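Residue-level structure breakdown
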Amino acid sequence: MTAPLLSIRDLVIDYGKGPGQFRALHGCSFDLEPGQVMAVVGESGSGKSSLVRAVAGLVAPASGEVRLDGKVLPALRKRPPQTRRMIQMVFQDPGSSLNPLHRVGAIIEEPLRVTHYGDASRRAARVAELMEMTQLSPELASRRPRELSGGQKQRVAIARALAMEPRLLIADEALSALDFTTQDHVSSLLSDLRRELNLAMLFVSHDMRSVRRMADDVCVIEKGHVVEQGPVSEVLYNPSSAYTRLLLAAALNPRAALSDPRLAEALENGEAVSEEALEGVMEIIRGGALMGDSR
Ligand code: ADP
Ligand code: MG
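Residues numbered from 1 in each chain as written. Chains lettered and ligands numbered in written order. Predicted model: local features only at pLDDT ≥ 70, side-chain atom pairs only at ≥ 80, totals over all residues.

**Some details on the overall build of the protein**
Quick note on the threshold: Segments assigned H or I by DSSP are reported as helices when at least four residues long, segments assigned E as strands when at least two residues long, and all are numbered from the N terminus. Exposed residues have 12 or fewer other C-beta atoms within 10 Å of their own C-beta, buried residues have 20 or more, and partly exposed residues fall in between, where C-beta atoms are placed from the backbone. Residues are defined as contacting one another if the C-beta atoms placed from their backbone atoms lie within 7 Å.
If you tally the helices and strands in the protein, you get 13 helices and 11 strands. When each of the 295 residues of the protein is scored for burial, the buried share is 41%. Taking all contacts inside the protein whose residues are at least 6 apart in sequence as the whole, residues at least 24 apart take part in 65%.

See below:
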């Protein structure tokens with residue numbers, strides 16, 4: 001049997017030392033196969049970013065393992081270039097992750113230049129290809145980030161991440177700063193790319209709508225503890241933990257949620273949230289008032 005693309009075992013993450021030490025993740029385990037999308041959900045401060053940052057090598061685990069193709073991943077600076085390029089990340093704020101002084105074409109070309117990919121014309125062709133893949137029209141290549149919409153900026157960040165032909169893309173709240181319509185467009189782009197490229201994804205989000213649309217599996221984290229994990233069809237349609245049910249409600253304006261009689265009843269009876277109730281919740285989400293997450 002071949003090893004999974006990504007394998008996480010008993011991952012524990014601590015910040016600080018001595019009496020002030022804080023455990024942000026108390027153990028998390030899962031496998032991810034090529035082309036598989038795992039959503040990581042939980043309220044702000046629950047440890048989602050810590051988990052994916054450990055996978056990216058930006059945080060050293062206190063204990064446990066992160067394996068890629070069966071091999072234990074060291075910290076980012078100790079990873080060989082071939083391993084580094086396999087895992088790429090897209091962050092929440094597309095504005096601050098793009099150099100404001102550079103033009104879009106140069107931003108997407110940068111990882112190609114750094115890794116000595118081909119000559120200038122080969123790189124230009126690859127940039128054009130990446131822009132097409134991310135549905136950015138060619139004339140945007142000469143624009144600067146401030147001249148782009150939020151959705152276009154996030155597409156540029158995705159194009160740049162794909163330049164390295166990663167096998168795992170980490171999207172940490174990558175849709176959270178976008179308006180609903182743009183979220184839908186970017187999430188369907190990510191779904192297409194995942195199919196075309198057989199790209200695995202760790203998709204951090206508290207938007208249950210895009211989680212349901214994009215992810216195969218979901219891992220629910222509460223204050224650093226994994227409370228529930230499994231296929232989206234089970235966890236988000238028939239959650240076993242009260243926390244997941246509350247999270248579904250709190251992903252929107254709780255008062256509005258509780259004024260939805262079907263959801264209020266489901267929560268009060270401690271029942272799993274039915275698909276119908278969830279649809280009611282989704283209606284309210286569409287109306288706005290999503291819980292903020294500034295991280
Ligand atoms: P999330 O992404 O779910 O909002 P994080 O993983 O960013 O959560 O944070 C989890 C917890 O770890 C929070 O309580 C946060 O304050 C804490 N934390 C995150 N990064 C650091 C850090 N560099 N130093 C100390 N504490 C941190
Ligand atoms: Mg976070």
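We are not done yet, so read on.
**Some points on the sheet that holds strand 8 (residues 168-172)**
What counts, and what does not: Two strands make a pair as long as DSSP finds a minimum of two bridges between them. Axis definition: a line fitted to C-alpha atoms, over the contacting stretch in the case of helices. Angles run 0 to 180 degrees between N-to-C directions.
If you trace the six strands from one edge of the open sheet to the other, you get 7-8-9-4-10-11, paired in mixed fashion. The strands lining the two open edges of the sheet, one partner per strand, are strand 7 (87-90) and strand 11 (225-231). The average undirected angle you get between the axes of adjacent strands in this sheet is 15°. Sheet strands touched by helix 6 (residues 150-162): strand 7 and strand 8. Its angle to strand 7, the strand with the most contacts, is close to 170°.

**Here we look at the site of ligand 1**
How we decide: Defining nearness, a residue is near a molecule or strand when the C-beta atom obtained from its backbone falls within 6 Å of it. Each residue is assigned to one class: nonpolar for Ala, Val, Leu, Ile, Met, Phe, Trp, Tyr, Cys and Pro, charged for Asp, Glu, Lys and Arg, and polar for all the others, Gly among them.
Near ligand 1 you find 12 residues, and of these Tyr 15, Ala 24, Lys 48, Ser 49 and Ser 50 are the closest. The greatest single-element share of the shell around ligand 1, amounting to three residues, is contributed by helix 1 (residues 48-56). Residues of the shell around ligand 1, tallied by class, amount to three nonpolar, seven polar and two charged.

**Structural notes on the pairing of strand 11**
For a regular strand, the rule is simple: side chains alternate between the two faces of the sheet. Both strand 10 (residues 217-222) and strand 11 contribute to a ladder of six bridges, which runs antiparallel. The residue bridging Val 220 from the neighbouring strand is Glu 228, located in strand 11. Hairpin connection from strand 10 to strand 11: two residues lie between these consecutive antiparallel strands, with Lys 223 at a positive phi of about 40°.

**Points about the nonpolar core**
Threshold: Note on terminology: a nonpolar core is a set of buried residues of type Ala, Val, Leu, Ile, Met, Phe, Trp, Tyr or Cys, with members joined through C-beta atoms within 7 Å.
Grouped together as the largest cluster of nonpolar side chains are 71 residues, with contacts concentrated most on Met 38, Val 40, Val 55, Ile 170, Leu 202 and Phe 203. Apart from residues no more than four positions distant in its own chain, Phe 203 is found in contact with Val 37, Met 38, Ala 39, Ala 171, Met 214 and Ala 215.

**Focus on the packing of helix 4 (residues 104-114) against helix 6**
The line we're drawing: Convention used here: angles under 35 degrees read as roughly parallel, angles over 145 as roughly antiparallel, angles from 65 to 115 as roughly perpendicular, and any remaining angle as oblique. Note on convention: the crossing is left-handed when the near helix lies turned anticlockwise from the far helix by less than a right angle, right-handed when the turn is clockwise.
Following both chains from N to C, one finds helix 4 and helix 6 inclined at 30°, their axes separated by 7 Å at the closest point. When the interaxial angle is binned, helix 4 and helix 6 end up roughly parallel. For the pair helix 4 and helix 6, the sense of crossing is right-handed. In this structure, helix 4 uses Val 104, Ile 107, Ile 108, Glu 110 and Pro 111 to contact helix 6, whose residues at the interface are Val 156, Ala 159 and Arg 160. Along the lines of polarity and charge, the residues of the contact of helix 4 with helix 6 split into six nonpolar, no polar and two charged.

**Quick look at helix 5 (residues 120-133)**
Let me state the cut-off plainly: Here the expected length of a helix is defined as 1.5 Å per residue gap, with one fewer gap than residues. The directions from the helix axis to the C-beta atoms form the arc being described.
Along its 14 residues, helix 5 runs 20 Å from first to last C-alpha, staying within 8% of the 20 Å computed at 1.5 Å per residue. Those residues of helix 5 that fall on the buried side of the exposure criterion are Val 127, Leu 130 and Met 131. For helix 5, the angular spread of buried residues about the axis comes to 100°, placing them on one side. Away from its buried face by more than 90 degrees, helix 5 exposes Ser 121, Arg 122, Ala 125 and Glu 132. In this fold, the buried residues of helix 5 make contact with helix 4 and helix 6. Downstream of helix 5 by one or two residues, Gln 135 has phi in the positive range, about 55°.

**Here's the deal with the packing of helix 6 against helix 7 (residues 180-197)**
The interhelical angle for the contact between helix 6 and helix 7, taken along N-to-C directions, is 20°, at an axis separation of 10 Å. If you check the angle between helix 6 and helix 7, you find them roughly parallel. The handedness of the crossing between helix 6 and helix 7 is right-handed. Taking contact as the criterion, the partners of Gly 150, Gly 151, Gln 154 and Arg 155 in helix 6 are, on helix 7, Thr 182, His 185 and Val 186.

**Looking at the environment of Asp 10**
Here Asp 10 is to be found in strand 1 (residues 6-15). C-alpha of Asp 10 to C-alpha of His 26: the two residues are 16 residues apart in sequence and 7.9 Å apart in space. For Asp 10, the contacting residues outside a window of four places in its chain are Gly 27, Ser 29, Ser 63 and Gly 64.

**What to know about the pairing of strand 4 (residues 37-41)**
Of all five residues making up strand 4, five are buried, and the element is well covered by its neighbours. Neither face of strand 4 is exposed, since Val 37, Ala 39 and Val 41 on one face and Met 38 and Val 40 on the opposite face are all buried. Sheet topology note: the strand 4/strand 10 ladder contains four bridges and is parallel. Residue pairing across strands places Val 41 opposite Val 220, the latter belonging to strand 10.

**Remarks on unusual backbone geometry**
Positive phi values are uncommon outside glycine, yet Glu 165 reaches one of about 50°. Tracing the chain through its elements places Glu 165 in the loop between helix 6 and strand 8. A tally of 10 C-beta atoms within 10 Å means that Glu 165 is categorised as exposed. Phi angles above zero are rare outside glycine, and Glu 173 is one such case at about 55°. Position of Glu 173 relative to the elements: it lies in the loop between strand 8 and helix 7.

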